[in-house]
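# Summary of structural features
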Amino acid sequence: MTQYNKIIFTGPVGAGKSTAIASLSDIPPVSTDQAASDMTKERKASTTVAMDYGIMNLAGGEKIHLYGTPGQERFDFMWDILTTGGIGLVLLLDNTRADPFDDLKFFTGKFRDFIRDTSLVVGVTQMDLSPRPYLENYHDHLQQIGLKAPVFEVDARRKRDVSLLVQTLLYVIDPGLED
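Worth saying up front: this structure is predicted, and the values here are computed from it rather than measured.

### A short note on the side chain of Asn-95
- With respect to the element layout, Asn-95 can be found in the loop between β5 (88–94) and α3 (100–110).
- Side-chain polar atoms of Asn-95 contact the backbone oxygen of Pro-133, separated by 3.2 Å.

### Some thoughts on the packing of aromatic side chains
- All told, the structure shown has six aromatic pairs when counted by the stated rule.
- Where Trp-79 meets Phe-111, the ring centres are 5.3 Å apart and the plane angle is 35 degrees; that geometry is what we call tilted. Of this pair, Trp-79 sits in helix α2 (residues 77–83) while Phe-111 sits in the loop between α3 and α4 (112–117), placing them 32 residues apart in sequence. Considered together, Trp-79 and Phe-111 belong to a single accessibility category, that of buried residues.

### Description of the environment of Ala-149
- Within the secondary structure, Ala-149 sits in the loop between α5 (135–144) and β7 (151–153).
- Separated by 10 residues in the primary sequence, Ala-149 and His-139 have C-alpha atoms spaced 7.6 Å apart.
- Aside from chain neighbours lying at most four places away, what touches Ala-149 is Leu-120, His-139 and Leu-142.

### Details of unusual backbone geometry
- Pro-133 follows Arg-132 through a cis peptide bond whose omega is 5 degrees.
- Inspection of the secondary structure puts Pro-133 in the loop between β6 (120–125) and α5.
- In the Ramachandran plot, Gln-126 falls in the positive-phi region, its phi being about 65 degrees despite a non-glycine side chain.
- In this fold, Gln-126 is placed in the loop between β6 and α5.
- A relative accessible area of 28% places Gln-126 in the partly exposed class.

### Focus: the nonpolar core
- Counting residues in each nonpolar core, the largest one holds 25 residues, and the members touching the most others are Leu-89, Leu-91, Leu-104, Leu-120, Val-122, Tyr-138 and Leu-142.
- Those elements that provide at least two residues to this core are β3 (46–57), α2, β5, α3, α4, β6 and α5.
- Once residues within four sequence positions are removed from consideration, Leu-142 is found in contact with Leu-104, Thr-108, Leu-120, Val-122, Leu-147, Ala-149 and Val-151.
- Ala-15, Leu-165, Leu-169 and Leu-170 belong to the second largest nonpolar core, which has 19 residues in total.

About the criteria used
Residues numbered from 1 in each chain as written. Predicted model: local features only at pLDDT ≥ 70, side-chain atom pairs only at ≥ 80, totals over all residues. Heavy atoms only, no water. Helix = DSSP H or I, 4+ residues; strand = E, 2+ residues; numbered from the N terminus. Polar contact = N/O pair within 3.5 Å; in protein donor to acceptor, adjacent residues only side chain to side chain. Phe/Tyr/Trp six-rings, centres within 6.5 Å; stacked < 30°, edge-to-face > 60°. Buried < 20%, exposed > 50% of the residue type's maximum accessible area, 1.4 Å probe, protein only. Contact = heavy atoms within 4.5 Å. Core = buried A, V, L, I, M, F, W, Y, C linked by side-chain atoms within 4.5 Å.

Below, the structure written as structure tokens:
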């Protein structure tokens with residue numbers, strides 16, 4: 001029997017959610033990008049307005065459904081819709097932003113109930129462009145807000161990096177899983 005597993009990718013605009021799903025999906029991803037019309041256009045020309053969607057096929061016929069949330073708070077009504085039935089959260093943070101710890105606090109706060117009921121893994125992007133803050137600083141900030149989660153440096157364009165996030169999340173959910 002095919003099992004339905006749903007993982008949510010979230011984070012601020014430009015953190016790599018759409019790119020991560022595209023790099024991991026075994027189908028052409030569904031995207032709802034539209035031209036940016038607000039301050040987002042300073043970071044990128046288009047932005048996700050509803051969701052991104054892809055599928056990762058696993059051995060034995062299982063599939064993981066990958067959903068990416070919009071990064072802008074004005075589309076936060078989609079966050080509850082997308083997390084319904086989800087088994088875990090991948091939080092992507094852009095290390096080049098002015099204060100990625102504000103983003104960490106904001107998104108973990110907005111998704112706190114979902115994180116409490118499922119699991120969390122954090123991927124930090126753009127560390128090649130801005131090596132600071134360091135990964136241990138993210139662990140410290142997670143601890144300060146009462147959370148514990150694996151944190152990785154990732155390049156959202158690299159399937160191997162994004163796959164590591166998903167595999168780690170699945171292991172956190174069920175430590176008995178084998179490769």
